[in-house]
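Commentary on secondary and tertiary structure
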Amino acid sequence: MCDTLVHLGEDGVLFAKNSDRDPNEGQALEWYAAAEHPAGATLECTWIGIPQVAATRAILVSRPWWLWGAEIGANEAGVVIGNEAVFTKARREGPGLLGMDLLRLALERAGSAEEAVQVIVTLLEAHGQGGSCSHDHPRFSYDNSFLVADPGGAIVLETAGRVWATEVVTGPGRSISNGLTIEGFAGRHSDRLRSRVAACEARRRVTQPGGAAATGPADLMRLLRSHGGGAGPDYRLLTGSMTPCMHAGGLLASSQTTASWVADLRGAEPVHWATLTAAPCLSLFKPFRLDQPADLGPMPTQTDDGGASRWWRHERLHRAVVADYAALAPAVQRSRDEIEAEWLTATPPATGEALARDDAWEARTLAALPPSSRRDRRPVAARARWRTAARAAAASR
């Protein structure tokens, strides 16, 4: 489950996405330099190999640890893309390209949003989409939709198997979630039951008007942190808290927001704000630029590494606070908001400086939390879901 949105304003384009995946699925940013490739080379994606192209562009992507592809990303030409799982009536094929593979391939090969869409549909028609989309649930597979933007505009691309439809965004706001939205195409291809379970329309009722009204990155950060009008997670027995800021804890569906990204394409040099962590409501957005790679430490996996990776280090704070969100989150958010406001009202700091500030803030905030004996106030199903996640993360060591 995910939410992706764009704002088209007179001063340019803003883009944002929450990546919602399994609770223990570590995700991190990675830079890849532009490269040239020999004739006849093959590229191994997540499940299949395809012909490589002669040259690929520099990219910055947010990649779940076990996938070749990425959930969110940008390239040196100013193209940004987010994908969504969508549930359709299309017949499932054998292994093909995943939506995450298609996203990364488009960033590597395209110089504009229009070119990126053409890359995706050409590869989709040639290789199809298919294969497991979850490390923890190998039988889980889905089709994809994409929101593709560049400094000049945005395009929605929706798919069902190897067929597809596009819509040029006319603004000021557009969002996609876990259901088809393009009129006509959605009516022919949607799996309405699974789309309803995914609560995609409820989330779009928050993200689409919010995207339309946005004036800057701070507004999109607030949208990605939204719990649908409530102050904190609103857990449901079957689905957990299925708001834009998603919290695992349901019996039927239990996705967690594991990475978040806001792209500001309005200036001469785009600035990308990413959490590198789960739960944006408890995370600090840090600035990144395509031409300034930084040391982000080890790649997280599904294993609790004791805080060696940035993603798992944040999980100590995240998992402590969500146990009693109403009591503990406000102080965490106040101190975080002070740092973000400082960065957003001036020239954003260099990435390395921002990461060091984030480390210090997290350590200080975690140390200030009350003792761990504080009662877990989440519903029974949510508590059970997170106990299972903790055991799985420890068992994989």
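Residues numbered from 1 in each chain as written. Predicted model: local features only at pLDDT ≥ 70, side-chain atom pairs only at ≥ 80, totals over all residues. Heavy atoms only, no water.

**Focus: unusual backbone geometry**
Using the following cut-off: A run of H or I in DSSP counts as a helix once it spans at least four residues, and a run of E counts as a strand once it spans at least two, with each numbered from the N terminus. In this scheme, a residue with accessible area under 20% of its type's maximum is buried, one over 50% is exposed, and one in between is partly exposed, where area comes from a 1.4 Å probe on protein chains only.
Following Gly 171, the chain continues to Pro 172 via a peptide bond in cis, the omega torsion being 0 degrees. Within the fold, Pro 172 resides in the loop between strand S13 (163–168) and strand S14 (173–176). In this structure, Leu 276 takes a positive phi of about 65 degrees despite not being glycine. Positionally, Leu 276 belongs in the loop between strand S16 (271–274) and strand S17 (286–288). Of note, the phi angle at Ala 279 is positive, near 55 degrees, even though the residue is not glycine. Within the fold, Ala 279 resides in the loop between S16 and S17. The class for Ala 279 is buried, based on a relative accessible area of 0%.

**Things to note about the packing of helix H7 (residues 310–321) against helix H9 (residues 351–368)**
The relative placement of two packed helices is expressed as an angle between their axes plus a distance between the axes. Inclusion rule: A fitted line through C-alpha atoms serves as each axis, taken over the contacting stretch for helices, and the angle formed by two N-to-C directions is quoted from 0 to 180°. Small angles under 35 degrees read as roughly parallel and large ones over 145 as roughly antiparallel, with 65 to 115 read as roughly perpendicular and the rest as oblique. Each crossing gets its handedness from the near helix: less than a right angle anticlockwise from the far helix is left-handed, clockwise is right-handed. Here a residue-residue contact requires only that any non-hydrogen atoms of the pair lie within 4.5 Å. Amino acids outside the nonpolar list (Ala, Val, Leu, Ile, Met, Phe, Trp, Tyr, Cys, Pro) and the charged list (Asp, Glu, Lys, Arg) are all regarded as polar, and Gly is one of them.
With their axes 9 Å apart at the nearest point, H7 and H9 run at an angle of 30 degrees to one another. The orientation of H7 with respect to H9, classified from their angle, is roughly parallel. H7 and H9 meet at a crossing whose hand is left-handed. Contacts between H7 and H9 involve Arg 310, Arg 313, His 314, Arg 316 and Leu 317 from the former and Leu 355, Asp 358, Asp 359, Trp 361, Glu 362, Thr 365 and Leu 366 from the latter. Residues of the contact of H7 with H9, tallied by class, amount to 4 nonpolar, 2 polar and 6 charged.

**What about helix H6 (residues 217–224)?**
Among the 8 residues in H6, 6 count as buried, and that is most of the element. Buried residues along H6 sit against strand S1 (2–9), strand S2 (12–21), helix H5 (200–213), strand S15 (256–264), S16 and helix H8 (325–344).

**Structural notes on H7**
Using the following cut-off: Multiplying 1.5 Å by the helix residue count minus one yields the expected span of that helix.
Between its first and last C-alpha, H7 extends 17 Å over 12 residues, near the 16 Å set by a 1.5 Å rise per residue. Restricting attention to buried positions, one finds in H7 the residues Arg 310, Trp 311, Trp 312, His 314, Glu 315, Leu 317, His 318, Arg 319 and Val 321. Where H7 is buried, its residues touch strand S3 (27–32), S15, H8, H9 and helix H10 (380–395).

**Details of the packing of helix H1 (residues 99–109) against helix H2 (residues 113–127)**
One way to put it is that H1 packs onto H2 with a least axis distance of 8 Å and a crossing angle of 130 degrees. Comparing the axis directions of H1 and H2 gives the class oblique. In terms of crossing hand, the pair formed by H1 and H2 is right-handed. Facing Leu 102, Leu 105, Ala 106 and Arg 109 of H1, the residues of H2 in contact are Ala 116, Val 119, Ile 120, Leu 123 and Leu 124. Classifying every residue of the contact of H1 with H2 by side-chain character gives 8 nonpolar, no polar and 1 charged.

**Thoughts on the pairing of S1**
The condition that has to hold: Paired strands, as defined in this entry, are two strands with at least two bridges between them according to DSSP.
Counting buried positions along S1 yields 7 of 8 residues, so the element is predominantly enclosed. Counting the residues that bridge the hairpin from S1 to S2 gives 2 residues. In this sheet, S14 lies alongside S1 in antiparallel orientation, the contact comprising 4 bridges. Each residue of the ladder has a partner; that of Leu 5, found in S14, is Ser 175.

**A short note on the side chain of Gln 27**
The following threshold applies: Residues adjacent in sequence count toward polar contacts only when both atoms are side-chain atoms; beyond that, a polar contact is any pair of N or O atoms within 3.5 Å, and within protein one must be able to donate a hydrogen and the other to accept it.
Position of Gln 27 among the secondary structure elements: in strand S3. Separated by 3.3 Å, the side chains of Gln 27 and Ser 19 make a polar contact.

**Observations regarding the sheet that holds S2**
Here we have 6 strands laid out as an open sheet, ordered S14-S1-S2-S15-S16-S17, and antiparallel in their pairing. This sheet does not close on itself; its edge strands, each paired only once, are S14 and S17. Strand-to-strand twist of the sheet, defined as the mean angle between neighbouring strand axes without regard to direction, takes the value 15 degrees. In this structure, S1 lies alongside S2, joined through 8 bridges in antiparallel fashion. Bridging across to S2, Cys 2 finds its partner in Ser 19.

**A closer look at the pattern of salt bridges**
Side chains carrying opposite charge are able to pair once their charged atoms draw close together. Note the cut-off: Every case where a carboxyl oxygen of Asp or Glu lies within 4 Å of a side-chain nitrogen of Lys or Arg is listed as a salt bridge.
Applying the stated rule across the entire model yields 24 salt bridges. Residue Glu 25 is joined to Arg 21 by a salt bridge in which the shortest nitrogen-to-oxygen separation is 2.1 Å. A salt bridge links Asp 337 to Arg 336, with the nearest nitrogen and oxygen atoms 2.9 Å apart. Judged by relative accessible area, which is 4%, Arg 336 ranks as buried. Where salt bridges share partners, they join Lys 286, Arg 310, Arg 313, Asp 358 and Asp 359 into one cluster.

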